[in-house]
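If you want the building blocks of each chain, they are given just below.
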Amino acid sequence: MALDRKPVPNDLSAFWMPFTANRQFKKAPRMLVGASGMFYHTADGREVLDGTAGLWCCNAGHCRPRITQAIQEQAAELDYAPAFQMGHPKAFELASALRDMAPEGMEHVFFTNSGSESVETALKIAIAYHRARGEGARTRLIGRERGYHGVNFGGISVGGIVNNRKMFGTLLGGVDHLPHTHLPDQNAFTRGQPEHGAHLADDLERIVALHGAETIAAVIVEPMAGSTGVLMPPKGYLERLREICTKHGILLIFDEVITGFGRLGSAFAADHFDVMPDMMTVAKGLTNGVIPMGAVLTTPAIHDAFMQGPEHVIELFHGYTYSGNPIAAAAGLATLETYREEGLFENAASLASYWEDALHSLKDQPHVIDIRNMGLVGAIELEPIAGDPTRRAFGAFLAAYEKNLMIRTTGDIIALSPPLIIGKAEIDRIVETLSEVLRTLD
Ligand SMILES: Cc1ncc(COP(=O)(O)O)c(C=O)c1O
């Protein structure tokens, strides 16, 4: 029997790690055993500067006492309450706090447990919304090349990253894609939003002409594409998308899983770009990454379309066992308070130009073919090794870790998204370390 098995010290074989080169990792594990503020502590006794806020989620830094305490207290007071047909105060409080922080017009909150689930939820709400108002033919979903919307079937169908799609069959039917907005020939080394590319939003008109607006439920985009390697929206692009969606009665969903909670120096990208979607998906920074939780925010028009029929009947046949889980809700409330009290979004905004100058100082380092930045996000794109894509950036990731800096890479792009508690000295340290790393790479 499995339980009779003797524990094997340091047995790494059972855990099939997500989005990881498992064999490489298990030969030379990178084990994090603690964290505090801007730093991770490793099993081999080092302090590693967190250049990525975990996975774009620990915006307030690590092991913040207020959040830890809120979780401990909530676990002792009310551990779990059924999410269906029952409620508990903290889920309502968090929904209200989120609404108050969100751009005006985002009035209702549906809780999920991750970014992927937020995306599935938003896509389902979009289709069901049209049906509820008598436009049941609007079922098509439009995503964008290079988009990342998590890993569930809806998300990879509207997503546009080939490796996340090609192994998994035919995906969802009735999906189309806008072109991505990466135009390196025209926009390389842009600071902030690129000048060129607004016209790429017009492709939505082509898609409408091809399928008929009356078959299209929603367009989903990341206002700033993160996981594909940080692509800023060209000037005027999001405005154009908004205009075309409105013109054709198509819902616009902003996937703010990365851009939410101060990453660009405003609470949400919708504020930052001053473009209002019909729905927003969030996760990650909602609980500072500490407890899984996501949410979908909607306008009253969408929410109210469901509030019909007999009052004892469920309006939306969707939800998760852990939607609005008490401990996650407590973590969310403590997180939003931390952001507000410590002025962390303001800190991100005030450091954005220092961050920009620091990153762009790497322009002449070996292999660098583009640098992009906004708020406290940055990307350094490297020339791939001919015939061996991703190897150079992965080498940078390993070398940086050796030098006590955690970065993320995707393809041959280094992506940076430090906790918003960062200061100038730590920005300098990130850039100095990267400069050393780039000079040692093959
Ligand atoms: C824009 C976006 N959407 C969705 C997701 C998926 O979130 P999760 O990994 O919590 O499912 C991510 C994760 O990075 C993301 O960046």
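The name recorded for the chain in an unreviewed UniProt entry is Beta-alanine--pyruvate transaminase, from Rhodovulum bhavnagarense. As its UniProt record puts it under Sequence similarities (unreviewed entry), the chain is described as follows: "Belongs to the class-III pyridoxal-phosphate-dependent aminotransferase family."

**Q** Just give me the short version of the overall build of the chain, but keep the residues and values in it.
**A** For the chain, the helix and strand inventory stands at 16 helices and 15 strands. For 442 residues, the compact-globule formula gives about 22 Å, and the C-alpha radius of gyration of the chain, at 22 Å, lands near that figure. Principal-axis analysis of the C-alpha atoms gives the chain an extent of 65 × 55 × 50 Å. Within the span of the chain, comprising 442 residues, buried residues form 47% of the whole.

**Q** Which residues make up the pairing of strand β7 (residues 216–221), and what values go with them?
**A** Of all the six residues making up β7, six are buried; the element is thus mostly covered by neighbouring parts of the structure. Across three bridges, the pairing between strand β5 (residues 140–144) and β7 is parallel. Across the sheet, leucine 141 pairs through a bridge with alanine 218, a residue of β7. Each parallel crossover has a hand, and for β7 linked through helix α10 (residues 237–248) to strand β8 (residues 251–255) it is right-handed.

**Q** Lay out the domain arrangement of the chain in plain terms, naming residues and giving numbers.
**A** Under the domain assignment, the chain is made up of domain 1 (21–63 + 343–440) and domain 2 (68–341). Taking the mean C-alpha position of each, domain 1 and domain 2 sit 26 Å from one another. Contributing elements (two or more residues each) for the side of domain 1 that touches domain 2: α2 (53–56), α14 (344–360), β11 (368–374), β12 (377–382) and β15 (413–416). Examining the composition of the side of domain 1 that touches domain 2, we find that seven residues originate from one element, α14, more than from any other.

**Q** Lay out helix α3 (residues 65–77) with the relevant residues and their values.
**A** Here α3 spans 18 Å end to end across 13 residues, near enough to the 18 Å set by a 1.5 Å rise per residue. Turning to α3, the residues buried within the fold contact α13 (326–341).

**Q** So what about the site of the ligand? Which residues, and what values?
**A** Close to the ligand lie 14 residues, the nearest being Ser114, Gly115, Ser116, Gly150 and Val257. If one sorts the elements of the shell around the ligand by residue count, helix α5 (residues 115–132) sits on top with three residues. The residue inventory of the shell around the ligand, partitioned by class, reads five nonpolar, seven polar and two charged.

**Q** So, the packing of helix α15 (residues 391–402) against helix α16 (residues 424–440): which residues are in play, and what are the values?
**A** Orientation of α15 relative to α16, taken along the N-to-C sense of each, is 130°, at an axis distance of 9 Å. Relative to α16, the element α15 is oriented oblique. Crossing hand, α15 versus α16: right-handed. Contact residues: α15 offers Ala396, Ala399 and Ala400, while α16 offers Thr433, Leu434, Val437 and Thr440. Considering only residue class, the contact of α15 with α16 consists of five nonpolar, two polar and no charged.

**Q** Summarise the sheet that holds strand β10 (residues 294–298); cite the residues concerned and give the values.
**A** The seven strands lie next to each other as β4-β10-β9-β8-β7-β5-β6, forming an open sheet whose pairing is mixed. Of all strands in the sheet, those bounded by a partner on one side alone are β4 (108–112) and β6 (175–178). Averaged over all neighbouring strand pairs, the angle between strand axes comes to 20°, with direction disregarded. Pairing geometry for β7 and β8, over four bridges, is parallel. Bridge pairing links valine 221 to phenylalanine 254 in β8. Its contacts with the sheet place helix α4 (residues 89–101) against β4 and β10, and it is angled at close to 125° to β4. Strand contacts of helix α9 (residues 203–211): β5, β6 and β7, with the helix running at about 155° to β6, the strand carrying the most contacts.

**Q** Tell me about unusual backbone geometry, and please be specific about residues and values.
**A** Residues other than glycine seldom take positive phi values, yet leucine 171 does so here, at roughly 60°. Here leucine 171 shows up in the loop between α7 (162–165) and β6.

**Q** Before we move on, could you go through the sheet that holds β12 and cite the residues and values that matter?
**A** Pairing between the strands of a sheet comes from backbone hydrogen bonds, and it takes one of two forms, parallel or antiparallel. Overall, antiparallel pairing links the four strands, which are arranged β11-β12-β15-β14 in an open sheet. Of all the strands in the sheet, just β11 and β14 (408–410) have a single pairing partner and so form its edges. Shown here is a sheet whose adjacent strand axes are inclined to one another by a mean of 20°, direction ignored. Strand direction decides the pairing type here: β12 and β15, joined by four bridges, are antiparallel. Opposite glycine 378, over in β15, you have leucine 416 as the bridge partner. Of the strands in this sheet, β12, β14 and β15 touch α15, which is tilted by about 175° from β14.

**Q** So what's going on with α13? Residues and values would help.
**A** In this model, α13 (16 residues) spans 22 Å end to end at C-alpha, consistent with the 22 Å of a helix rising 1.5 Å per residue. Counting buried residues along α13, 13 of its 16 residues qualify, which places the element largely inside the surrounding structure. Just past α13, the residue glycine 343 takes up positive phi, approximately 60°.

**Q** Requested: an account of the nonpolar core, with residues and values cited.
**A** Within the largest apolar cluster, 120 residues are counted, with the highest numbers of intra-cluster contacts made by Ala218, Val219, Leu241, Ile253 and Leu297. Per-element accounting of this core gives the leading share, nine residues, to α13. Both domain 1 (21–63 + 343–440) and domain 2 (68–341) contribute no fewer than three residues apiece to this core. Among all residues touching valine 219, those that are not within four sequence positions of it are Ile142, Leu204, Leu241, Cys245, Ile250, Leu252 and Ile253.

What counts and how
- Residues numbered from 1 in each chain as written.
- Predicted model: local features only at pLDDT ≥ 70, side-chain atom pairs only at ≥ 80, totals over all residues.
- UniProt positions renumbered as here; feature names shortened; annotations may be inferred.
- Helix = DSSP H or I, 4+ residues; strand = E, 2+ residues; numbered from the N terminus.
- Rg over C-alpha atoms; globule rule 2.2 N^0.38 Å.
- Buried ≥ 20, exposed ≤ 12 C-beta atoms within 10 Å, placed from the backbone.
- Pairing = 2+ DSSP bridges.
- Right-handed = clockwise from strand over helix to strand, strands pointing away.
- Domains from an automatic or database assignment.
- Expected span 1.5 Å × (residues − 1).
- Contact = placed C-beta atoms within 7 Å.
- Near = placed C-beta within 6 Å.
- Nonpolar A, V, L, I, M, F, W, Y, C, P; charged D, E, K, R; others polar.
- Axes fitted to C-alpha atoms, helices over the stretch in contact; angles between N-to-C directions.
- Parallel < 35°, antiparallel > 145°, perpendicular 65-115°, else oblique.
- Left-handed = near helix turned anticlockwise from the far one by under 90°.
- Core = buried A, V, L, I, M, F, W, Y, C linked by C-beta atoms within 7 Å.

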